2 protein chains.
Amino acid sequence: MPSRRNRAPISTDLPPVDLGDRQAAILEAVVTRYIGTAQPVGSSHVAEAAELNLSTATIRTEMAQLEHEGYLTQPHTSAGRIPTDKGYRFFVDHLAKPGIADASQRRKVSSFFKAIEGEMEDVLERSSAMLADLTQYAAVVVAPGHGTSTVRSAQLVSLGATAALLLVVLTDGSVEKVTVDLGASVEEATIEAVSRHLQATLGGKSLHEALELEAHPAPEVAAVLATLEAPLRSLCAEADAEQVFVGGPSKLASAFDAVETVREVLSILEQQLVVVSLLRDVLESGLSVAIGHEHGYEPLSSCAVIVAPLSVDGTTSGAVGLLGPTRMQYPAALAAATAVSEELSDRLAGAGSGSTSTKVRHRG
Amino acid sequence: MPSRRNRAPISTDLPPVDLGDRQAAILEAVVTRYIGTAQPVGSSHVAEAAELNLSTATIRTEMAQLEHEGYLTQPHTSAGRIPTDKGYRFFVDHLAKPGIADASQRRKVSSFFKAIEGEMEDVLERSSAMLADLTQYAAVVVAPGHGTSTVRSAQLVSLGATAALLLVVLTDGSVEKVTVDLGASVEEATIEAVSRHLQATLGGKSLHEALELEAHPAPEVAAVLATLEAPLRSLCAEADAEQVFVGGPSKLASAFDAVETVREVLSILEQQLVVVSLLRDVLESGLSVAIGHEHGYEPLSSCAVIVAPLSVDGTTSGAVGLLGPTRMQYPAALAAATAVSEELSDRLAGAGSGSTSTKVRHRG
DNA sequence: CGCTAGCACTCCATCCTACAGAGTGCCAAG
DNA sequence: CTTGGCACTCTGTAGGATGGAGTGCTAGCG
């Protein structure tokens, strides 16, 4: 299923390429109303809403045409029309206007970010909750791993007879740790020697580089170092892993009427790996919105996904996502997700570079 | 709302104090069947299920009596009976038998815990997921804070011009950190001096004790220490805080039929503070099961809560909980929750004492 | 005296029918 | 090309009939 690109028209006013102006207007009316009411939309409603003084009869023929072209569908003969995925797609690409609501969304988002301070992890978690609250959809924040950061401090802390904690602080302020079973009892002095060795050899390197180091210290130290290799590897893997925060999944309960759908969607949200790869896929296909079957995850075919990349230093790493029914408030949701992704990108950039930490927190 | 105690009868065989043997048997039949089918239970079904060769007429009078006494209720005249909270309560206190299923539950739990290794946090999280999977209800694990542990290592790591990371390792292997804005640029040498000072003064003390220390080091060090006071305080608060892991909330979607209920319950599960205090309340009232209105949280009045304490060194701290509909598989759920709480208690005890770490993990 | 068979009764769920309403498609006329 | 008009279709709702599951009561039996 090849993905259609989200080519942004450059500041022309409503240039529907595939669809006549009138059909576009009608489609818009149907989509807008259906998003609001969740009821099939009949020609008379469209006649009222769209302001193209046309009779219902004319609108009916146009709607039939739109159905024929795959933008609309009928639940049954003699019911109103419902947008198809394709219909929503056209709406999102060509019709969704920035809207007035967006400004207020953006304002709320930015005031939230002005007020919040503290550890990055907190910020991420609370952002996802806030975004869910704001949009009334489930929000996902995937924060980049710390794979690119370098080691600021590394050490081994003894925890007991044969147990110890391998501890690494990275330049972005994150801390990675892993408990280690040393196998045999190790003297405190040796532990300290190992710590110094670690600090000296790992400092300033990224964890990946650190894995490839060859060094030949004193024999006791070397023995301990050997037992540290596997832990270091898992430490590295852990540092690379994205953090995922899912906010407000309960919002989805009221978004669908079939309880079975709710359950399916929720259980997918619980599998964070799936969510991450879903967002990644959507992002890689160049879309910011994936509707219904577009993303190819069948269990989520009644959902739309909005993704906004988190970009730090120009490269995108991580994402902000929203998951809702296909009849989603696209403009508002897009605006909110984008706003959050920008603010978070800023934060991440600020925290990442260490020395450029302009927005560091203080307070008790 | 005073809580009724869960007085455990001491090894007598089905001693219903408030209810005749026959009524008890009938109540049991109703509860069991209703839990299975979610349909009101009529006298004829009871006659089949309970093996007390009685006619439906007799059973009807008894059921009327049970309704009068508040154990059963009717959705409407001429429908079967449904257990009330009180009915479930009697069932749980006097009728629920260990059952055969429990053994298999316990086995699954213990094999899970044999297989799992790694950081405590992981174990806790995966335990909650496993418990949810096993029981098909939402599972909650509240792990105790680290307030009682003492400091194994404390230090300040510089992160940039004026930013630093205050880092404390506790004896139970947990790490607490907080980013600090030093206000002014501080020399690396001073940072190291502060680190040494922290290590010397905090080592071996609990974080609470550490807060009350008075020491008078060199002036530059003292200056930095002053800015550390607030961060230390929040570090302490953070260390005290319980960690909460909620597993499998999606299981609840199919447990209720009203989508509104699902949404309410889910949104409560998202507020971890509420969940923690709910579990605490139930635990403190001396119950291991709170049914319907018993726990006093109206939004959850259609739910039953099962709680099993986590006890480390004899004191209970933290808990394992299950949240499901009042028509819950009580015996199985209780068995599972208890099994998990015991295994987790063991783990926590093992990790907590440091030197007695019998079950430390190894492997790459 | 406890138990039971039998009966009258109630209420729900289901089915059918009728019907109004919302919607469509088509066509002939402007 | 548009539109008013018309015939048609389908759903949702309301009303009435019916059967079934269930109850409560009571008279009679062991």
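The structure presented is a predicted model; accordingly, all values stated were derived computationally and were not measured.

Participant: Whenever I open this one, the overall build of chain A confuses me. Can you help?
Facilitator: A count of helices and strands for chain A gives twelve helices and ten strands. Across its three principal axes, chain A shows a C-alpha extent of roughly 90 × 40 × 35 Å. Split into buried and exposed, the 364 residues of chain A put 49% on the buried side. Long-range contacts, defined as pairs at least 24 residues apart, comprise 63% of the intrachain contacts of chain A with a sequence gap of at least 6. Approximately 16700 Å² of chain A is accessible, and the part contributed by carbon and sulfur atoms is 52%. Charged side chains in chain A number 28 positive and 44 negative. The centres of these two groups are separated by 8 Å.

Participant: For this particular structure, what's the right way to read unusual backbone geometry?
Facilitator: Most peptide bonds take the trans form, and the phi angle of most residues other than glycine is negative. A positive phi angle, near 60 degrees, is found at S78 of chain A, a position not held by glycine. Locating S78 of chain A in the fold gives a position in the loop between β1 (72-73) and β2 (82-83). The phi torsion at D313 of chain B lies on the positive side, around 55 degrees, for a residue other than glycine.

Participant: Quick question: what am I supposed to make of the domain arrangement of chain A here?
Facilitator: How big an interface is tends to be expressed through the accessible area that disappears when the partners come together. Partitioning chain A into structural domains gives domain 1 (21-95), domain 2 (101-144 + 242-352) and domain 3 (151-240). For domain 2 of chain A and domain 3 of chain A, the distance between their C-alpha centroids amounts to 36 Å.

Participant: I tried to follow the relation of the copies chain B and chain A on my own but got confused; where do I start?
Facilitator: Between the two copies of this chain, the relationship is a rotation about some axis together with a displacement along it. For the pair chain B and chain A, the best superposition has an RMSD of 0.1 Å and corresponds to a rotation of 180 degrees with a translation of 0.0 Å parallel to the axis. In symmetry terms, the pair is related by a two-fold rotation axis. If distances are taken from each C-alpha of chain B to the rotation axis, the shortest is found for V259 of chain B, at 3.2 Å. The overlap is high: 98% of the interface residues of chain B also sit at the interface in chain A, so the same surface is used on both sides.

Participant: How do you make sense of the sheet that holds strand β9 (residues 303-312) of chain B when you look at a structure like this?
Facilitator: The strands that make up a sheet pair up through hydrogen bonds in the backbone, lying either parallel or antiparallel. Residues and elements named next belong to chain B. Strands sit in the order β7-β3-β10-β9-β8 across an open sheet of five strands; the sheet is antiparallel. Looking at the sheet topology across the chains shown, the edges are occupied by β7 (243-247) and β8 (289-291). Pairwise comparison of adjacent strand axes, ignoring direction, gives a mean angle of 15 degrees for this sheet. Pairing of β9 with strand β10 (residues 315-325), which is carried by nine bridges, proceeds in the antiparallel orientation. Its bridge partner being in β10, S311 is matched across the sheet by T316. Strands in contact with helix α11 (residues 272-284) are β3 (138-143), β7, β8, β9 and β10; relative to β9, the strand with the most contacts, it is inclined by about 80 degrees.

Participant: What is the right way to read helix α6 (residues 120-135) of chain A from this model?
Facilitator: Because an α-helix completes one turn every 3.6 residues, residues spaced three or four positions apart along the sequence face the same direction. The end-to-end C-alpha distance of α6 of chain A is 22 Å, a good match for the 22 Å that 16 residues give at a rise of 1.5 Å each. The positive-phi residue at the C-terminal boundary of α6 of chain A is Q136 of chain A, with phi of around 70 degrees.

Participant: Just checking my understanding: could you explain the protein's contact with DNA strand D for this structure?
Facilitator: As a matter of local geometry, DNA strand D sits amid 22 residues, with R22, T58 and S78 of chain A together with S43 and R81 of chain B nearest to it. For DNA strand D, the fraction of atoms within 4 Å of the protein that belong to sugar or phosphate moieties is 71%. Within the side chain of R60 of chain B, an N or O atom sits 3.0 Å from a base oxygen of DNA strand D. Between DNA strand D and the protein, one listed contact pairs a phosphate oxygen with a side-chain N or O atom of R81 of chain B at 2.9 Å. Within the residue set of the surface near DNA strand D, elements represented by two or more residues are α3 (56-68) of chain A together with α2 (43-49) and α3 (56-68) of chain B.

Participant: Looking at this structure, how should I read the environment of L322 of chain B?
Facilitator: Residue and element names in this part refer to chain B. Mapped onto the fold, L322 is located in strand β10. It is 7.1 Å that separates the C-alpha atoms of L322 and A337, two residues lying 15 residues apart in sequence. The residues touching L322, leaving out its near neighbours within four places in the chain, are L131, T135, Y137, A138, A139, A304, V305, I306, M328, A333 and A337.

Participant: Looking at this structure, I do not really get the environment of S267 of chain A. What am I missing?
Facilitator: Residues and elements named next belong to chain A. Within the secondary structure layout, S267 lies in helix α10 (residues 259-270). S267 sits in the partly exposed class, given a relative accessible area of 24%. Spatially, the C-alpha atom of S267 lies 10.0 Å from that of P249, the residues being 18 residues apart in sequence.

Participant: Where do I start with the interface of chain B and chain A in this structure?
Facilitator: In this assembly, 45 residues from chain B lie in contact with 44 residues from chain A. Interface of chain B and chain A: buried area, both sides summed, is about 3500 Å²; carbon and sulfur atoms make up 57% of it. Looking at the side of chain B facing chain A, the largest losses of area belong to E119, L159 and R263 of chain B, adding up to 17% of the total buried there. If you look at where chain B meets chain A, you find zero salt bridges. The tally of links from chain B across to chain A stands at eleven residue pairs in polar contact (both at pLDDT 80 or more). In terms of residue count, the dominant contributor to the side of chain B that touches chain A is helix α10 (residues 259-270) of chain B (six residues). Taken together, the residues that form the side of chain B that touches chain A break down as 18 nonpolar, 18 polar and nine charged.

Participant: Would you take a moment to explain the sheet that holds strand β6 (residues 175-181) of chain B for this structure?
Facilitator: Residue and element names in this part refer to chain B. Read from one edge of the open sheet, three strands run β4-β5-β6, paired in antiparallel fashion. Whereas interior strands pair on both sides, the edge strands pair on one side only; in this sheet they are β4 (151-158) and β6. Put simply, the sheet's adjacent strands are angled 15 degrees from each other on average, direction ignored. Running over the sheet, helix α9 (residues 219-240) touches β4, β5 (163-170) and β6 and is turned about 145 degrees from β6.

Participant: Would you mind going over the packing of aromatic side chains with me for this structure?
Facilitator: Here a ring pair, both rings aromatic, is described through the centre-centre distance and the interplanar angle of the planes. One pass over the full model with this rule turns up six aromatic pairs over all chains. Ring centres of Y71 of chain A and F90 of chain A lie 5.8 Å apart, and the angle between their planes is 80 degrees; on these two criteria the pair is classed as edge-to-face. A residue pair is termed long-range when its members are at least 10 positions apart, and Y71 of chain A in the loop between α3 and β1 and F90 of chain A in helix α4 (residues 85-95) qualify at 19 residues. Residue classification places Y71 of chain A among the buried positions, given a relative accessible area of 6%. The exposure class of F90 of chain A is buried, given its relative accessible area of 3%. Each ring, one from F112 of chain B and one from F113 of chain B, has its centre 5.1 Å from the other, and the planes form 90 degrees; the classification is edge-to-face. Accessibility classification places F112 of chain B together with F113 of chain B in one group, the buried group. In this structure, K86 of chain A is placed above the aromatic ring of Y71 of chain A, and the distance from its NZ or CZ to the ring centre is 4.6 Å.

What counts, and at which threshold
Residues numbered from 1 in each chain as written. Chains lettered and ligands numbered in written order. Predicted model: local features only at pLDDT ≥ 70, side-chain atom pairs only at ≥ 80, totals over all residues. Heavy atoms only, no water. Helix = DSSP H or I, 4+ residues; strand = E, 2+ residues; numbered from the N terminus. Buried < 20%, exposed > 50% of the residue type's maximum accessible area, 1.4 Å probe, protein only. Contact = heavy atoms within 4.5 Å. Areas by Shrake-Rupley, 256 points an atom, 1.4 Å probe, with all protein chains shown as cover. Lys, Arg positive; Asp, Glu negative; His and termini not counted. Charge placed at Lys NZ, Arg CZ, Asp CG, Glu CD. Domains from an automatic or database assignment. Least-squares fit on C-alpha atoms with pLDDT ≥ 70 in both. Pairing = 2+ DSSP bridges. Axes fitted to C-alpha atoms, helices over the stretch in contact; angles between N-to-C directions. Expected span 1.5 Å × (residues − 1). Near = heavy atom within 4 Å. Polar contact = N/O pair within 3.5 Å; in protein donor to acceptor, adjacent residues only side chain to side chain. Buried area = accessible area lost by both parts, 1.4 Å probe. Salt bridge = Lys/Arg side-chain N within 4 Å of Asp/Glu carboxyl O. Nonpolar A, V, L, I, M, F, W, Y, C, P; charged D, E, K, R; others polar. Phe/Tyr/Trp six-rings, centres within 6.5 Å; stacked < 30°, edge-to-face > 60°. Lys NZ or Arg CZ within 6 Å of the ring centre and 35° of its normal.

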